[in-house]
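Architecture at a glance
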Amino acid sequence: MITYSSNEMKRYNHLCSEIEAAYHEMSLKLGLSDSAMVVLYSICNKGDSCLLQEICCQSGVSKQTINSAIRKLEAEGIVYLEAVNAKNKNVCLTEKGKQLAQVTAIKMIEAENNIFDSWQKDEVEKYLELTERYLKALQEETKKIGGASR
């Protein structure tokens, strides 16, 4: 028997899609592709550099897509790679990259901060608490699922 999504789950999925669409629209308005924004955003969250592996893990974007975005940003003089050890590389902003980040990723971060700043502290805490609870429950449900058989 197939169980279909509840109205609440449909609403939740719709809201998630709309949030993703809003981030996409913001990236476009700021003149960046989604993947370039993910790279710059991730770096700005850390400072002036971020491990390549962290960008992939934190964004949920495939390593191939992130690598393509980094190659393009490298060619434009926005970022450069710096070896940390044999396996890890840091993605670093150039001066040109810092200037671009200031008018793109930093603006996105400021918009997000403005939203949380407009909420009551207890609302922010509740939102984060429920989001974290949902994530942990979803991770537990994921562990229960076996591989698909065809």
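Below you will find a few notes about this structure. (Residues numbered from 1 in each chain as written. Predicted model: local features only at pLDDT ≥ 70, side-chain atom pairs only at ≥ 80, totals over all residues. Heavy atoms only, no water.)

A count of helices and strands for the protein gives 7 helices and 3 strands. Secondary structure of the protein in N-to-C order comes out as α-α-β-α-α-β-β-α-α-α. Along the three orthogonal principal directions, the C-alpha set of the protein runs to about 55 × 45 × 25 Å. Of all 150 residues assigned to the protein, the portion counted as buried reaches 23%. Taking the contacts inside the protein whose residues are at least 6 apart along the sequence as the reference set, 49% of them involve residues at least 24 apart. Counting every atom, the protein has about 11,100 Å² of accessible surface; 53% of that belongs to carbon and sulfur. Once the 19 positive and 21 negative side-chain charges of the protein are each reduced to a mean point, those two points are 7 Å apart. (Helix = DSSP H or I, 4+ residues; strand = E, 2+ residues; numbered from the N terminus. Buried < 20%, exposed > 50% of the residue type's maximum accessible area, 1.4 Å probe, protein only. Contact = heavy atoms within 4.5 Å. Areas by Shrake-Rupley, 256 points an atom, 1.4 Å probe, with all protein chains shown as cover. Lys, Arg positive; Asp, Glu negative; His and termini not counted. Charge placed at Lys NZ, Arg CZ, Asp CG, Glu CD.)

Attention shifts here to helix α4 (residues 63–75). Counted at 1.5 Å a residue, the expected span for α4 with its 13 residues is 18 Å, and the 18 Å between its end C-alpha atoms agrees. If you check which residues of α4 are buried, you get Ile66, Ala69, Ile70 and Leu73. Mapping the buried residues of α4 onto a view down its axis gives an arc of 100 degrees, with all of them on the same face. Pointing more than 90 degrees away from the buried face of α4 are the exposed residues Gln64, Arg71, Lys72 and Ala75. In this fold, the buried residues of α4 make contact with α2 (34–46), α3 (52–59), β2 (79–83) and β3 (89–93). Phi for glycine 77, located one or two positions after α4, is positive at around 75 degrees. (Expected span 1.5 Å × (residues − 1). Arc of directions from axis to C-beta.)

Right, let's talk about the sheet that holds strand β1 (residues 49–51) for a bit. Here we have 3 strands laid out as an open sheet, ordered β1-β3-β2, and antiparallel in their pairing. Where the open sheet ends on each side, the last strands, each with one partner, are β1 and β2. On average, adjacent strands in this sheet sit at an angle of 25 degrees to one another, irrespective of strand direction. α2 contacts β1, β2 and β3 of the sheet and is inclined by roughly 105 degrees relative to β1. (Pairing = 2+ DSSP bridges. Axes fitted to C-alpha atoms, helices over the stretch in contact; angles between N-to-C directions.)

Relative to the helices and strands, aspartate 34 resides in helix α2. The class for aspartate 34 is partly exposed, based on a relative accessible area of 37%. In the structure, aspartate 34 is positioned 11 residues away from tyrosine 23 in sequence and 8.1 Å away in space, judged by C-alpha atoms. If sequence neighbours within four positions are ignored, aspartate 34 has contacts with His24 and Ser27.

The analysis is restricted to geometry; functional conclusions fall outside its scope.
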